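Analysis of the macromolecular model
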Amino acid sequence: MSRSNRRNFIATLASGVVGLGVAGRIKAEPAGARSDQGGPSAPKIKKFNPLGKTGLKVSDVSCGAISLFESNVLRYAHECGVNYFDTAEGYLRGKGEVYVGQGLKEVRDKVIITTKHPYDFRQKIDRASVIKRMEDSLKRLQSDYVDVAMAHGVGDLSPLLNNQEIMSAYDQLKKDGKVRFTGFSTHNAKLTLKQALDTDFAQVVLVMYNHMEGKEIEPLIKAVREKGIGTVAMKIFAGGMQGNLKSMVSPEVSYPQAAIRWVLSNPDVDTCIPTFSSYSHVEEYVAASGRPLDRAALAMIIRYRQQAHNLYCRVSCTECLSSCPNNVAVNDVLRYAMYFEHYGMEKEAMAYYAEMEPGRKPLGCGDCSGHCEKACPYGLKVKPRLLHSHDILTA
Ligand code: SF4
Ligand code: SF4
């Protein structure tokens with residue numbers, strides 16, 4: 001690297017460090033640390049953390065089982081030391097829990113399983129149906145219990161906590177030994193983590209947290225962690241679009257590993273759940289366990305941020321929604337497109353999109369001047385991206 005390039009690089013790194021607020025989190029790799037490219041032997045989890053005050057200890061790199069097609073991948077992850085597995089009633093239309101059950105039934109007592117159920121508060125919900133849904137999940141999981149049962153995709157905890165039918169059902173499930181701990185997953189951590197501080201229902205939380213949209217919720221993650229709530233991070237790859245960005249290939253460090261190391265450099269995060277869809281995912285992600293965020297990994301993160309800045313629709317962002325005269329759910333549509341284009345979840349993304357209320361889809365965008373683009377603080381070309389998203393999600 002020439003002297004001026006080197007200076008530019010260092011300046012960029014320094015400004016990125018400031019923007020990321022991670023100056024105190026950068027650490028050098030110990031001598032002899034595992035290479036990013038793996039080796040002849042399978043990688044192993046190097047670090048386990050307490051999951052809040054549950055008494056459970058979880059691998060720092062854990063498994064999101066959202067788009068899994070081979071249950072033995074989970075068994076391999078377990079052999080590599082992963083002991084926390086996250087699924088949901090709706091993943092792969094019920095098949096997600098089936099794969100988890102098939103892959104882990106023989107090691108059930110050695111692993112921690114979380115499953116999640118969404119609740120539509122516009123509908124009447126009764127206690128018996130909540131219990132039945134959990135029992136159906138247990139059948140698919142081939143287990144008598146789940147370690148953590150979460151309400152899925154909670155934007156506001158109030159309707160959940162005020163629903164006596166759901167609360168009573170979870171109490172019963174705990175008494176019966178079918179659920180050990182409860183919690184919720186959320187894309188709206190700014191509100192829900194605050195609310196979690198005032199309830200005992202939240203023993204574990206699953207929050208969206210990555211290097212592009214996590215900074216503002218760090219004080220809340222810290223607060224819930226201090227209360228003894230287990231903290232699990234999801235969507236840690238910030239869109240996972242590295243395959244479509246220039247200069248993201250490096251012999252020194254892989255972007256997914258850098259993103260994992262960034263998330264885990266926050267000591268208030270107990271574990272993270274990248275999606276393990278293949279054996280190669282297991283090897284790549286597990287190899288990031290226990291490794292500090294060093295300068296090479298941080299440089300990779302900064303390159304990604306620079307290139308994805310005006311491409312990545314922040315999942316927790318709602319800034320442009322009020323500018324739209326047609327009430328389009330911009331963030332949801334672009335999230336489904338992200339699942340389609342970057343997560344390898346084409347069918348699921350199309351199914352999610354098909355289930356959206358027609359009135360929230362970008363059907364009138366063609367005739368609109370694009371108020372949402374002016375409202376987006378990140379400079380996304382929102383209108384063409386919405387039109388493109390509709391095309392791919394309905395093809
Ligand atoms: S292009 Fe217009 S109609 Fe479409 S989301 Fe943006 S503001 Fe709404
Ligand atoms: S398009 Fe921009 S403003 Fe709208 S939700 Fe995405 S990131 Fe936020």
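Summary of the structure given here. Predicted, not measured: the structure shown is a model, and the values here were computed from it.

**Some points on the site of ligand 2**
Neighbouring residues of ligand 2: 14 residues in total, closest Cys313, Cys317, Glu319, Cys320 and Cys376. Of the residues forming the shell around ligand 2, the biggest block, 3 residues, is contributed by helix 12 (residues 330-342). The class makeup of the residues in the shell around ligand 2 is 11 nonpolar, 1 polar and 2 charged.

**Overview of the site of ligand 1**
For ligand 1, the set of nearby residues contains 15 residues, the closest of which are Cys324, Val328, Cys365, Cys368 and Cys372. Counting only elements with at least two residues in the shell around ligand 1, the list comes to helix 14 (371-375) and helix 15 (382-394). Top element by residues in the shell around ligand 1 is helix 15. It accounts for 3 residues. Tallied by class, the residues present in the shell around ligand 1 amount to 9 nonpolar, 5 polar and 1 charged.

**Re the nonpolar core**
Core analysis: the largest hydrophobic core is formed by 114 residues, its most contacted members being Val205, Val207, Ala259, Val263 and Cys272. It is helix 12 that provides the largest number of residues to this core, a total of 8 residues. Of the domains in this structure, domain 1 (43-306) and domain 2 (321-394) are the two that each give at least three residues to this core. Setting aside residues no more than four positions away along its own chain, Val263 makes contact with Tyr209, Asn210, Ala233, Ile236, Val269 and Cys272.

**Re the sheet that holds strand 9 (residues 230-234)**
The strand order across the open sheet built from 8 strands is 3-4-5-6-7-8-9-10, with neighbouring strands paired in parallel fashion. With one partner strand each, in any of the chains shown, strand 3 (63-64) and strand 10 (271-272) form the two edges of the open sheet. The strands touched by helix 6 (residues 164-175) within the sheet are strand 6 (146-151) and strand 7 (179-186), with strand 7 carrying the most contacts at an inclination of about 140 degrees.

**Looking at the pairing of strand 5 (residues 112-117)**
The buried fraction of strand 5 amounts to 5 of the 6 residues, a majority that puts the element mostly inside the structure. Bridging between strand 4 (residues 84-86) and strand 5 involves 3 bridges; their strand directions are parallel. Residue pairing for strand 5: Asp86 is matched across the bridge by Thr114. Traced from strand 4 through helix 3 (residues 95-104) to strand 5, the parallel crossover comes out right-handed. Summarising the sheet, strand 5 and strand 6 pair through 4 bridges and their orientation is parallel. For His117, the partnering residue across the bridge sits in strand 6 and is Ala151.

**Considerations on the environment of Trp262**
If you trace the backbone, Trp262 turns up in helix 9 (residues 255-264). Judged by C-beta crowding, with 27 C-beta atoms within 10 Å, Trp262 ranks as buried. Between the C-alpha atom of Trp262 and that of Arg25, which follows or precedes it by 237 residues, the distance is 8.5 Å. If we ignore the near neighbours within four places in the chain, the residues touching Trp262 are His211, Leu293 and Ile301.

**Things to note about the packing of helix 4 (residues 127-141) against helix 6**
Remark: helix 4 packs on helix 6, axes separated minimally by 8 Å, with the N-to-C direction vectors making an angle of 45 degrees. The pairing of helix 4 with helix 6 is recorded here as oblique in orientation. For the pair helix 4 and helix 6, the crossing hand works out as right-handed. Contacts between helix 4 and helix 6 involve Arg127, Val130, Ile131 and Met134 from the first element and Glu165, Ile166, Ser168, Ala169, Gln172 and Leu173 from the second. In terms of residue class, the contact of helix 4 with helix 6 is built from 6 nonpolar, 2 polar and 2 charged.

**Section: the pairing of strand 6**
The buried fraction of strand 6 is high, at 6 of 6 residues. With helix 4 bridging strand 5 and the parallel strand 6, this β-α-β connection has right-handed handedness. Where strand 6 lies against strand 7, 5 bridges are found, and the strand directions are parallel. Pairing of Met150 across the sheet is with Gly183, part of strand 7.

**Examining unusual backbone geometry**
Trans peptide bonds make up most of the peptide bonds, and negative phi angles are found at most residues other than glycine. Unusually for a residue other than glycine, Ala238 sits at a positive phi of about 50 degrees. Within the secondary structure, Ala238 is located in the loop between strand 9 and helix 9. Owing to 26 C-beta atoms within 10 Å, Ala238 belongs among the buried residues under this scheme. Notably, Asn327 is not glycine yet its phi reads approximately 60 degrees, a positive angle. Mapped onto the secondary structure, Asn327 falls in the loop between helix 11 (295-308) and helix 12. With 12 C-beta atoms packed within 10 Å, Asn327 lands in the exposed category.

**Some details on helix 8 (residues 218-227)**
Among all positions of helix 8, only Leu220, Ile221 and Val224 are buried. Each buried residue of helix 8 lies within a common arc of 105 degrees when the element is viewed along its axis, so the set occupies one face. Exposed and facing more than 90 degrees away from the buried side of helix 8 are Pro219 and Glu226. Looking at the buried positions of helix 8, the neighbouring elements they touch are helix 7 (189-196), strand 8 (204-208) and strand 9. Looking one or two places after helix 8, you find Gly228, whose phi comes out positive at around 100 degrees.

Scoring rules and cut-offs
Residues numbered from 1 in each chain as written. Chains lettered and ligands numbered in written order. Predicted model: local features only at pLDDT ≥ 70, side-chain atom pairs only at ≥ 80, totals over all residues. Near = placed C-beta within 6 Å. Helix = DSSP H or I, 4+ residues; strand = E, 2+ residues; numbered from the N terminus. Nonpolar A, V, L, I, M, F, W, Y, C, P; charged D, E, K, R; others polar. Core = buried A, V, L, I, M, F, W, Y, C linked by C-beta atoms within 7 Å. Buried ≥ 20, exposed ≤ 12 C-beta atoms within 10 Å, placed from the backbone. Domains from an automatic or database assignment. Contact = placed C-beta atoms within 7 Å. Pairing = 2+ DSSP bridges. Axes fitted to C-alpha atoms, helices over the stretch in contact; angles between N-to-C directions. Right-handed = clockwise from strand over helix to strand, strands pointing away. Parallel < 35°, antiparallel > 145°, perpendicular 65-115°, else oblique. Left-handed = near helix turned anticlockwise from the far one by under 90°. Arc of directions from axis to C-beta.

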